[in-house]
Amino acid sequence: TSFAIRSGDLGYTIYAGTLGGGVYSASFFLLLLTAGESSGIPAQVVPVWTPLNNGLQRLNVVTLALTEGFVFAGTDTGGVYRLLVQNSTWSPLGH
């Protein structure tokens, strides 16, 4: 399993590459409260992991990398794929 973390203004997204399951992501948001304010959200919020496998031809992801606006996934025998952060479909590189 490999992980990559992208931080943003209001929280962060974790990407997890798995052997056989492809890539999953989960977003976590920071709660900014003023003194005396209650969020109404339980203390422990369980993140929802969402599969991101559209366009991946191999689901054995052995490495992940991030650059500004992109996620890259390296697979065991299927090459390298690129995902635009605002998109939901992987594109193969070098084909």
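So, a few notes on the structure that sits alongside this text.

Rules of the game
- Residues numbered from 1 in each chain as written.
- Predicted model: local features only at pLDDT ≥ 70, side-chain atom pairs only at ≥ 80, totals over all residues.
- Heavy atoms only, no water.
- Buried < 20%, exposed > 50% of the residue type's maximum accessible area, 1.4 Å probe, protein only.
- Helix = DSSP H or I, 4+ residues; strand = E, 2+ residues; numbered from the N terminus.
- Pairing = 2+ DSSP bridges.
- Core = buried A, V, L, I, M, F, W, Y, C linked by side-chain atoms within 4.5 Å.
- Contact = heavy atoms within 4.5 Å.
- Phe/Tyr/Trp six-rings, centres within 6.5 Å; stacked < 30°, edge-to-face > 60°.
- Polar contact = N/O pair within 3.5 Å; in protein donor to acceptor, adjacent residues only side chain to side chain.

On to the pairing of strand β7 (residues 80-84), then. In β7, alternate side chains face the same way, and those of Tyr 81 and Leu 83 are buried while those of Val 80, Arg 82 and Leu 84 on the opposite face are not. Two elements, strand β6 (residues 70-75) and β7, share five bridges in a ladder whose sense is antiparallel. Each bridged residue has a counterpart across the sheet, and for Phe 70 the counterpart in β7 is Leu 84.

A few words now on the sheet that holds strand β2 (residues 11-18). Strands sit in the order β1-β2-β3-β4 across an open sheet of four strands; the sheet is antiparallel. The open sheet terminates on both sides in strands that have one partner only, identified here as β1 (2-7) and β4 (50-51).

Proteins that are soluble and globular tend to have nonpolar side chains buried together. In this structure, Tyr 15, Val 23, Leu 64, Val 71 and Trp 90 are the most contacted members of the largest nonpolar core, which totals 13 residues. Mapped by element, the contributors of at least two residues to this core are β5 (61-67), β6 and β7. With near-sequence residues (within four places) excluded, Val 23 lies in contact with Ala 16, Thr 50, Pro 51, Leu 52, Asn 53, Leu 56, Val 61, Leu 64, Ala 73 and Trp 90.

This paragraph deals with the sheet that holds β5. With respect to topology, four strands assemble into an open sheet ordered β5-β6-β7-β8, the strand pairing being antiparallel. With one partner strand each, in any of the chains shown, β5 and β8 (91-92) form the two edges of the open sheet.

We now examine the packing of aromatic side chains. Think of a pair of aromatic rings as described by two things: how far the centres are apart, and how the planes are tilted against each other in angle. Enumeration according to the criterion identifies two aromatic pairs in this entry. Here Tyr 12 and Phe 28 contribute two aromatic rings whose centre-to-centre distance is 5.2 Å and whose plane-to-plane angle is 20 degrees, an arrangement assigned as stacked. Note that Tyr 12 is positioned in strand β2 and Phe 28 in strand β3 (residues 22-29), a separation of 16 residues in sequence. The partly exposed category is assigned to Tyr 12, whose relative accessible area is 33%. On the basis of an interplanar angle of 40 degrees and a centroid distance of 6.3 Å, the ring pair of Phe 70 and Phe 72 is categorised as tilted. Overall, Phe 70 belongs to the partly exposed group, its relative accessible area being 26%.

Now for the environment of Gly 74. Structurally, Gly 74 can be placed in strand β6. Not counting chain neighbours up to four residues away, the residues in contact with Gly 74 comprise Asn 60, Val 61, Val 62, Thr 63, Gly 79 and Val 80.

The subject of this paragraph is the side chain of Asn 60. Relative to the assigned elements, Asn 60 resides in the loop between β4 and β5. A polar atom in the side chain of Asn 60 sits 2.6 Å from the backbone nitrogen of Gly 20. A polar contact of 3.0 Å, which involves the side chain of Asn 60, links it to the side chain of Asp 76. What Asn 60 contacts, discounting residues up to four positions off in sequence, is Thr 18, Leu 19, Gly 20, Gly 74, Thr 75 and Asp 76.

Structurally, Ser 25 is set in strand β3. Discounting residues that sit within four places of it in the chain, Ser 25 has contacts with Thr 13, Ile 14, Tyr 15, Val 48, Trp 49, Thr 50 and Leu 52.

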